[in-house]
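# Architecture and fold: a report
Below, each chain spelled out in residue letters.
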Amino acid sequence: MRGKVVIAGVGHTEFGKLEGRTPVSMNVEACRKALKEAGVAKDEVDAVLVKYPTSKFQSKFGQTVAEALGIMPRIGGVWDQAGASGISMISFAAMAIEHGQCEVALVCMSDNPRTGTRSAYAKPRGGADGSGTHGWVSTTAGYAMIAQRHMGEHGTTEEQLAAVAINNRSNGAKNPNAQLKIPITLEDYMQSRFIVEPLRRDDCCLISDGGAAVVVMSAERAKKAGVDKPIPILGFGQGQTSWEVAQRPDLTRTMAHKSGATAFKMAGIAPKDIDVAQFYDCFTITPIMSLEDYGFCEHGQGGAFVGDGGIGWDGGLPFNTAGGLLSETGMPGMQLVIEGVRQMRGDANLQVAGAQKGIVSNQGGEMHTHSTLILGQ
Amino acid sequence: MSDDFPLPEIDDVNAPFWDGLKGGKLQYQKCNSCGYHWLPARQECPDCLEANYEWIEASGKGIMTSWVVYHTAFIPAFKDRLPYNVAIIKLDEGPQLASNIVGEDDQSNFKIDHPVELVIENEHGVKVPRFKLA
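Residues numbered from 1 in each chain as written. Chains lettered and ligands numbered in written order. Predicted model: local features only at pLDDT ≥ 70, side-chain atom pairs only at ≥ 80, totals over all residues.

## Re the overall build of chain B
A tally of regular secondary structure across chain B gives 1 helix and 8 strands. Secondary structure elements of chain B occur, N-terminal to C-terminal, as α-β-β-β-β-β-β-β-β. Scaling as 2.2 N^0.38, a compact globule of 134 residues should have a C-alpha radius of gyration of about 14 Å, and chain B matches this with 16 Å. Expressed along its principal axes, the backbone C-alpha trace of chain B runs to roughly 45 × 35 × 25 Å. Out of the 134 residues in chain B, the part that is buried amounts to 32%. In chain B, the proportion of contacts linking residues at least 24 apart, taken out of those at least 6 apart, comes to 51%. (Helix = DSSP H or I, 4+ residues; strand = E, 2+ residues; numbered from the N terminus. Rg over C-alpha atoms; globule rule 2.2 N^0.38 Å. Buried ≥ 20, exposed ≤ 12 C-beta atoms within 10 Å, placed from the backbone. Contact = placed C-beta atoms within 7 Å.)

Right, here's the structure in full:
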């Protein structure tokens, strides 16, 4: 089904501190804009797939969003893979469309951890097993634990972690939609305070309010409807480790190797064919390890890859061209899909000239879940 | 402050773990069907899925596979302890758990896979497993 389903339109709210906006309201705004961009009437939508807001669980949230949209879909509900949900829902929509289960899907996410609650992020990692008694709390600490192991096992350095932050912040500084438009130098990074050592403030994603949505339909339908610049989905895949960080057999492997292998096989291309990449950068260690597991470099060499110019505009792989979670918005992943689509359409803010193939990497939890999307012409 | 301290939630399944610590023993579960060893407490073996296990005393020896140092108190109960460490311990018998390294404040002495040994300490009236560098 390579290329048979497209992303027909994208939409999002402002990103940052959006006082008084609820996740439902921001989902509706994002969907309204995505439908408008695609030129699709809401009556045509027969699937509404929603990531539930991480900060605060609400039962039947998918139906709540569909109600606010005034849509009675054939398929609807929430997907719970944390930050991998966006691409996983797009993949599900593509498969459902291919098999006649629905025709036009809205895939969306929104949360308000900036002005609402974010207590879910401070809960003990192991639940009731007593690890909270040892102070083992916070998502940041999970990634710090992984980063420490990677640094110890593979010699990854603070300067290499910084290279990710410097690249992404530099791109975000030029993005008018970005929440944080302040570029940083290595010196700034080294002066940034530790949150959970070895991770510093500048290693950590933003905390953001916002919403984003995409419209998914068949390439055939998009052509008939005269959609302007529909972007074909060439490949997708998923992979998961189910173990909590403390139980994981190998801390330095992400499931990008599984999700990436599936997606590249489906697309019939390899990492060397990719012109532009949008990687989940909740913490700087995440894209470093994901680059390894996708095969952009050898296992253990992700730090050297980003530190030695493997990413960036100067001969490297153009990377997180809108700023990612470190600079554009801390939203868990859909903004990366939107930027990936814009790069393929040729209308991105920082456009990679002539880009033909793009990869988007989503992941969630503390590297529990992974999903991959390959877009292209 | 102790009212807000995140003490373990003890139930029928994990009670032997906490009772063992009261008696000076760190225990893990061993599957009587396939021989797999694990923590934290579960009702079925995560390897063969059978519900036929016993609690076995660990040697208390293991390694720290990684560690972090908190400079932020994500829950107020830990504010007075900053900076504090959390390490992942892999016991010689296989099971893994999150814990703290005690008796060593100099982080430059921490290394991945450094050998560690069990130290049972009192935390808000509960006996908990911590570890020292061996």
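## Some thoughts on the interface of chain B and chain A
Taken together, the 30 residues of chain B in the interface contact 30 residues of chain A. Of all the secondary-structure elements, those providing two or more residues to the side of chain B that touches chain A are β4 (61-70), β5 (84-91), β6 (96-99) and β8 (126-133) of chain B. At 6 residues, the largest contribution of residues to the side of chain B that touches chain A is made by β4(B). Looking at the side of chain B that touches chain A, its residues break down into 19 nonpolar, 7 polar and 4 charged. Across 2 bridges, the pairing between strand β5 (residues 194-197) of chain A and β4(B) is antiparallel. Bridge pairing in β4(B) places Glu197(A) opposite Val69(B). (Nonpolar A, V, L, I, M, F, W, Y, C, P; charged D, E, K, R; others polar. Pairing = 2+ DSSP bridges.)

## Some points on the sheet that holds strand β1 (residues 5-12) of chain A
Residue and element names in this part refer to chain A. The strand order across the open sheet built from 9 strands is β3-β2-β4-β7-β1-β8-β11-β10-β9, with neighbouring strands paired in mixed fashion. Either end of the sheet is taken by a strand with one partner, and the two such strands are β3 (75-79) and β9 (276-279). The sheet shows a mean angle of 25 degrees between the axes of neighbouring strands, direction not considered. Here β1 runs beside strand β7 (residues 210-218); their pairing, made up of 7 bridges, is antiparallel. Among the inter-strand pairings, Gly11 is bridged to a residue of β7, identified as Ala213. Sheet contacts for helix α1 (residues 23-38): β1, β2 (47-51), β4 (104-111) and β7; angle to β1, the most-contacted strand, approximately 125 degrees. Running at roughly 180 degrees to strand β10 (residues 357-364), helix α12 (residues 334-345) makes contact with β1, β4, β7, β8 (231-240), β9, β10 and β11 (369-376) of the sheet. (Axes fitted to C-alpha atoms, helices over the stretch in contact; angles between N-to-C directions.)

## Some thoughts on helix α8 (residues 256-267) of chain A
All names here are of chain A. A rise of 1.5 Å per residue sets the reference length of α8, with its 12 residues, at 16 Å; its end C-alpha atoms lie 16 Å apart and thus fit the reference within 8%. Among the structural elements, β8, α9 (285-294), β10 and β11 are those in contact with the buried residues of α8. In the segment just after α8, Gly268 is the residue with positive phi, at about 70 degrees. (Expected span 1.5 Å × (residues − 1).)

## Section: the pairing of β4(B)
All names here are of chain B. Among the 10 residues in β4, 7 count as buried, and that is most of the element. As paired elements, β4 and strand β7 (residues 114-123) share 4 bridges and run antiparallel to each other. Across the sheet, Ile63 pairs through a bridge with Pro115, a residue of β7. Pairing of β4 with β5 involves 8 bridges; the strand directions are antiparallel. Each residue of the ladder has a partner; that of Met64, found in β5, is Ile89.

## Some points on the packing of α8(A) against α9(A)
All names here are of chain A. At a minimum axis distance of 8 Å, the contact between α8 and α9 shows a crossing angle of 50 degrees. Between α8 and α9, the crossing angle belongs to the class labelled oblique. As for the relative orientation of α8 and α9, their crossing is right-handed in sense. Facing α8, whose interface residues are Ala256, His257 and Gly260, α9 presents Ser290, Asp293 and Tyr294. (Parallel < 35°, antiparallel > 145°, perpendicular 65-115°, else oblique. Left-handed = near helix turned anticlockwise from the far one by under 90°.)

## As for the sheet that holds strand β3 (residues 53-57) of chain B
Residue and element names in this part refer to chain B. Pairing is antiparallel across the open sheet formed by 3 strands, whose spatial order is β2-β1-β3. The open sheet is flanked by β2 (37-38) and β3, the only strands paired with a single partner. Two strands pair when backbone bridges link them, and strand β1 (residues 27-31) and β2 are joined in this way by 2 bridges, in the antiparallel orientation. Among the inter-strand pairings, Lys30 is bridged to a residue of β2, identified as His37.

## So, the packing of α1(A) against helix α2 (residues 61-69) of chain A
Residues and elements named next belong to chain A. At a minimum axis distance of 9 Å, the contact between α1 and α2 shows a crossing angle of 55 degrees. Relative to α2, α1 is oriented oblique. The handedness of the crossing between α1 and α2 comes out as right-handed. Two secondary-structure elements touch here, α1 through Val24, Asn27, Val28 and Cys31 and α2 through Thr64, Val65, Ala68 and Leu69.

## So, the confidence of the model for chain B
Summarising the model, chain B shows a mean pLDDT of 95, and 98% of its residues fall at 70 or more. Confidence estimates for the predicted assembly give a pTM of 0.97 and an ipTM of 0.97. (pLDDT = per-residue confidence, 0-100.)

## Some words on the environment of Gly60(B)
All names here are of chain B. Locating Gly60 in the fold gives a position in the loop between β3 and β4. The exposure class of Gly60 is partly exposed, given the 19 C-beta atoms found within 10 Å. As for Gly60 and Leu82, which are separated by 22 residues in sequence, their C-alpha atoms are 26 Å apart. For Gly60, the contacting residues outside a window of four places in its chain are Leu26, Glu117 and Leu118.

## Some thoughts on unusual backbone geometry
A cis geometry characterises the amide bond from Glu197(A) onward to Pro198(A), with omega recorded as 15 degrees. Following the sequence through the fold, Pro198(A) ends up in the loop between β5 and β6 (199-200). In this structure, Pro40(B) follows Leu39(B) across a cis peptide bond, with omega equal to -10 degrees. Structurally, Pro40(B) can be placed in the loop between β2 and β3. One non-glycine residue with positive phi stands out, namely Lys60(A), at about 55 degrees. Position of Lys60(A) among the secondary structure elements: in the loop between β2 and α2. Owing to 13 C-beta atoms within 10 Å, Lys60(A) belongs among the partly exposed residues under this scheme. The backbone phi angle of Met367(A) is positive, close to 65 degrees, even though this residue is not glycine. As for its placement among the helices and strands, Met367(A) is situated in the loop between β10 and β11.

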